[in-house]
Amino acid sequence: MRLEARNVSWKAGGLAIVEEISIAVETGEFLGIIGPNGSGKSTLMGLLAGLIRPKRGEVLLEEKPIAAIDRRQLARHLALVEQLSDTTERMSARQVVELGRTTYLSLQSPWSGEDDHIVGQALGAVDMADKQDRLWHTLSGGERQRLHIARALAQQPDILLLDEPTNHLDISHQLGLLDLVCRQNLTVVAALHDLNHAAMFCDRLAVLSQGRLVTVGAPEEVLTADLLSKVFSVTASVERNDEGKVHLRYERSRG
Ligand SMILES: Nc1ncnc2c1ncn2[C@@H]1O[C@H](COP(=O)(O)OP(=O)(O)OP(=O)(O)O)[C@@H](O)[C@H]1O
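Residues numbered from 1 in each chain as written. Predicted model: local features only at pLDDT ≥ 70, side-chain atom pairs only at ≥ 80, totals over all residues. Heavy atoms only, no water.

So the rule is basically this: UniProt positions are given in the numbering used here, feature names are shortened, and annotations may be inferred rather than shown by experiment.
Going by the annotation in an unreviewed UniProt entry, the name recorded for the protein chain is ABC transporter ATP-binding protein, with Rhizobium oryzicola given as the source organism. Database annotation for the protein chain, UniProt heading Function (unreviewed entry): "Part of the ABC transporter complex HmuTUV involved in hemin import. Responsible for energy coupling to the transport system."

### What about the layout of surface pockets?
Defined as follows: Within this scheme a cavity is a closed region of a 1 Å grid, computed over the protein atoms alone, that accommodates a 1.4 Å probe without allowing it to escape, whereas a pocket is open but has protein on both sides within 12 Å along at least five of seven lines; lining residues each have an atom within 4 Å of a point. Grid points are joined across faces, edges and corners, and a volume is the space filled by probe spheres set on the points. Each helix is a run of DSSP H or I of at least 4 residues and each strand a run of E of at least 2, with the numbering of both proceeding from the N terminus. When residues are grouped by polarity, Ala, Val, Leu, Ile, Met, Phe, Trp, Tyr, Cys and Pro land in nonpolar, Asp, Glu, Lys and Arg in charged, and all others, Gly among them, in polar.
The computed volume of the second largest pocket comes to approximately 230 Å³. Together, 14 residues line the second largest pocket, and G50, R53, P54, I66 and A67 are the ones closest to its centre. The element contributing the most residues to the lining of the second largest pocket is strand β4 (residues 56-61), with three residues. Tallied by class, the residues present in the lining of the second largest pocket amount to nine nonpolar, two polar and three charged.

### Details of the site of the ligand
So the rule is basically this: Throughout, near means a residue has at least one heavy atom within 4 Å of the molecule or strand. Any N or O atom pair separated by 3.5 Å or less is treated as a polar contact, with the protein-specific requirement of one donor-capable and one acceptor-capable atom, and with residues adjacent in sequence counted only for side-chain atom pairs. A 1.4 Å probe and the Shrake-Rupley method give the accessible areas. Residues count as covered only by the protein chains that appear here.
As a matter of local geometry, the ligand sits amid 13 residues, with N37, G38, K41, S42 and T43 nearest to it. Note that an oxygen atom of the ligand is positioned 2.8 Å from one of the backbone N or O atoms of G38. Burial of the ligand by the protein chains amounts to 57% of its free accessible area of 640 Å². For the shell around the ligand, the secondary-structure elements that each account for two or more residues are β1 (3-12) and α1 (41-49).

### Overview of unusual backbone geometry
Look at E164: it is not a glycine, yet its phi comes out positive at around 50°. Mapping E164 onto the fold places it in the loop between β7 (159-163) and α6 (171-183). In this structure, H168 is a non-glycine residue whose phi angle is positive, near 75°. Along the chain, H168 falls in the loop between β7 and α6.

### Describing the pattern of salt bridges
Quick reminder of the rule: Salt-bridge detection follows one rule: a side-chain nitrogen of Lys or Arg within 4 Å of a carboxyl oxygen of Asp or Glu. The classification of residues rests on relative accessible area computed with a 1.4 Å probe and restricted to protein chains. Under 20% of the type maximum is buried, over 50% is exposed, and intermediate values are partly exposed.
A full pass over the atoms with the stated rule returns 16 salt bridges. With a shortest N-O distance of 3.5 Å, E143 and K131 are connected by a salt bridge. In this pair, E143 is assigned in helix α5 (residues 141-154) and K131 in the loop between α4 (113-125) and α5, connecting sequence segments 12 residues apart. Residue E143 is classed as buried on the basis of its relative accessible area, which comes to 12%.

### Overview of the sheet that holds β1
Using the following cut-off: We call two strands paired when DSSP finds no fewer than two bridges between them. We call two residues in contact whenever any of their non-hydrogen atoms come within 4.5 Å of each other. Between N-to-C directions, angles span 0 to 180 degrees; the directions come from axes that are lines fitted to C-alpha atoms, helices contributing only their stretch in contact.
With antiparallel pairing, the four strands of this open sheet are ordered in space as β2-β1-β4-β5. Two strands lie at the open edges of the sheet, namely β2 (15-25) and β5 (64-65), each paired on one side alone. Strand direction decides the pairing type here: β1 and β2, joined by seven bridges, are antiparallel. Residue pairing for β2: K11 is matched across the bridge by A16. α1 rests against β1, β2 and β4 of the sheet, and its axis sits at about 125° to β1.

And the structure:
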């Protein structure tokens, strides 16, 4: 499914947080959103998810404004994993993932074995099946993050929106999670801080700076020493492997 932000702007306290951004993610594509802290990545994710409404412009799912789509219907197409999402409810790991099925349940369509199966698969996919009975507050940050992803997978969306999905994860689970996301055959938009991971896994990268879209393109087009210096204020050399994939080698800042 195709998701498009058309000229979206959003303000808070009179300040422009996202300014006139136009970007589309194509069906099956993995689009990475990168940019320094405070550049507007989470806000753009919230706009794309329909969680916040643009002050100007619109977000379209398959050419239909998402503001006009019923929230329950939207949840069948689009799942968002927010940064720092938490729950204070006394819930087990499995119950958190079961929340992903909410959009499919009704009086006519109560919980079934099929829902159990989907939840079990999602738990397995993030390597949390053995901890499914553990209570939320007893889990580590990384385990909670993996459960949020599992909840989104259990939602069986067409589009996954992930805000810093590798937060809290050790390196093995970071790579495992991005690989897992790639293998789902979904349309994915992910805000990422690790630029090497963005280069490894994303089809295209959109670069934000101060609420504006600086550029968008294939990682090897976008990740240049010049851009890294201008947007991220770092000095790095850009290496390429045999497949033409870029790898950044940062230099220590001297100050
Ligand atoms: N509700 C709000 N009210 C006021 N300012 C806000 C609000 N939401 C976001 N901002 C500001 O907008 C800017 C962009 O925030 P956003 O969270 O979108 O950035 P980000 O790129 O995701 O940052 P990070 O990499 O630190 O997660 C920040 O300066 C933030 O403080």
